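Reading the structure
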Amino acid sequence: MPSMVILGLRAVQLLFGFIVLGLSAYVAHWYNADTLTASPSQIDWLLFCSLFTILSVVYLEVAPRAMPKIVHPMAVVAVELLNALFYFAGFIALSVFISKLLFCRGSVCGSARADVAFGAMEFLAWTGTAVFSVRDAMKGGFNLRRRGGASSSAPVGGSQMKEAQLP
């Protein structure tokens, strides 16, 4: 059951990552093309977060299956927590920036507001998967078999334990 929940959350993270990427790119392009000022650092940060999310989801879902030796439980936890932290900082910073504007209207402002909302939802999704990863790491290691990665350490076809023969 938890693996299906995590897989669903990964799909949500990837989808929202692309949505945040599009919204942030639209607002950044508007600032860079239609105004005399550069795009705000808050927009640029969420643009970075969305790219980091896409790379993180690829690492977290492909690496355990394709290259299980490069996946470490603490690396998984670090990636999960970094994404949650990055989105928390990003959506808070952008919401404070928008609240300090003298006026905010039009499609660019709506896109920036939607960027805040999707950033907050990304924070919640990454926090949810981070809870599962921390739980798995605290139980004594990351369960790669559950994720489709490496198998057990026993030799193929060999028995796990063998009883000693009595004389």
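The protein chain is annotated in an unreviewed UniProt entry as MARVEL domain-containing protein from Pestalotiopsis fici. The record in UniProt for the protein chain states the following under Subcellular location (unreviewed entry): "Membrane".

As a further point, take the packing of helix H2 (residues 41-66) against helix H3 (residues 73-99). Remark: H2 packs on H3, axes separated minimally by 9 Å, with the N-to-C direction vectors making an angle of 160°. Classified by the angle their axes make, H2 and H3 are roughly antiparallel. Every pair of crossing elements has a handedness; the one defined by H2 and H3 is left-handed. Of the residues contributing to the contact of H2 with H3, the split by class is 19 nonpolar, six polar and one charged.

Attention now moves to the pattern of salt bridges. All told, the structure shown has four salt bridges when counted by the stated rule. Taking the shortest distance from any N to any O, the salt bridge between Glu-80 and Arg-10 comes out at 2.5 Å. On the criterion of sequence distance, the pair formed by Glu-80 in helix H3 and Arg-10 in helix H1 (residues 2-34) is long-range, its members being 70 residues apart. Judged on exposure class, the residue Glu-80 and its partner Arg-10 are both buried.

Counted under the stated rule, the structure contains 10 aromatic pairs. With a centroid separation of 5.7 Å and 55° between ring planes, the pair formed by Phe-48 and Phe-86 is classed as tilted. Of this pair, Phe-48 sits in helix H2 while Phe-86 sits in helix H3, and the two are 38 residues apart along the sequence. With relative accessibility at 16%, the residue Phe-86 sits in the buried group. Ring centres 5.8 Å apart and planes at 85° place the aromatic pair Phe-88 and Phe-91 in the edge-to-face group. One end of the pair is Phe-88 and the other is Phe-91, both in helix H3 and three residues apart, which spans about a single turn. Owing to a relative accessible area of 39%, Phe-88 belongs among the partly exposed residues under this scheme. Grouped by ring-pair contacts, the aromatic residues Trp-45, Phe-48, Phe-52 and Phe-86 constitute a single cluster.

Further remarks concern the UniProt feature "transmembrane region" (unreviewed entry) in the protein chain. UniProt's entry tags residues 12-31, 43-62 and 74-98 with the feature "transmembrane region" (unreviewed entry), counted in the numbering of this structure. Between the C-alpha atoms that bound residues 12-31 the distance is 28 Å, and the span itself is 100% helix and 0% strand. A distance of 36 Å separates the end C-alpha atoms of residues 74-98, which is 100% helix and 0% strand.

Turning to the nonpolar core, a few remarks are in order. In terms of nonpolar packing, the biggest core is built from 23 residues, with Val-27, Leu-46, Tyr-87, Leu-94 and Trp-126 touching the most fellow members. The set of elements that each furnish at least two residues to this core consists of H1, H2, H3 and helix H4 (106-138). The greatest single-element share of this core, amounting to eight residues, is contributed by H3. Contact partners of Tyr-87, with chain neighbours within four places excluded, come to Gly-17, Val-20, Leu-46, Cys-49, Ser-50, Thr-53, Gly-119, Glu-122, Phe-123 and Trp-126.

What counts as what
Residues numbered from 1 in each chain as written. Predicted model: local features only at pLDDT ≥ 70, side-chain atom pairs only at ≥ 80, totals over all residues. Heavy atoms only, no water. UniProt positions renumbered as here; feature names shortened; annotations may be inferred. Axes fitted to C-alpha atoms, helices over the stretch in contact; angles between N-to-C directions. Helix = DSSP H or I, 4+ residues; strand = E, 2+ residues; numbered from the N terminus. Parallel < 35°, antiparallel > 145°, perpendicular 65-115°, else oblique. Left-handed = near helix turned anticlockwise from the far one by under 90°. Nonpolar A, V, L, I, M, F, W, Y, C, P; charged D, E, K, R; others polar. Salt bridge = Lys/Arg side-chain N within 4 Å of Asp/Glu carboxyl O. Buried < 20%, exposed > 50% of the residue type's maximum accessible area, 1.4 Å probe, protein only. Phe/Tyr/Trp six-rings, centres within 6.5 Å; stacked < 30°, edge-to-face > 60°. Core = buried A, V, L, I, M, F, W, Y, C linked by side-chain atoms within 4.5 Å. Contact = heavy atoms within 4.5 Å.

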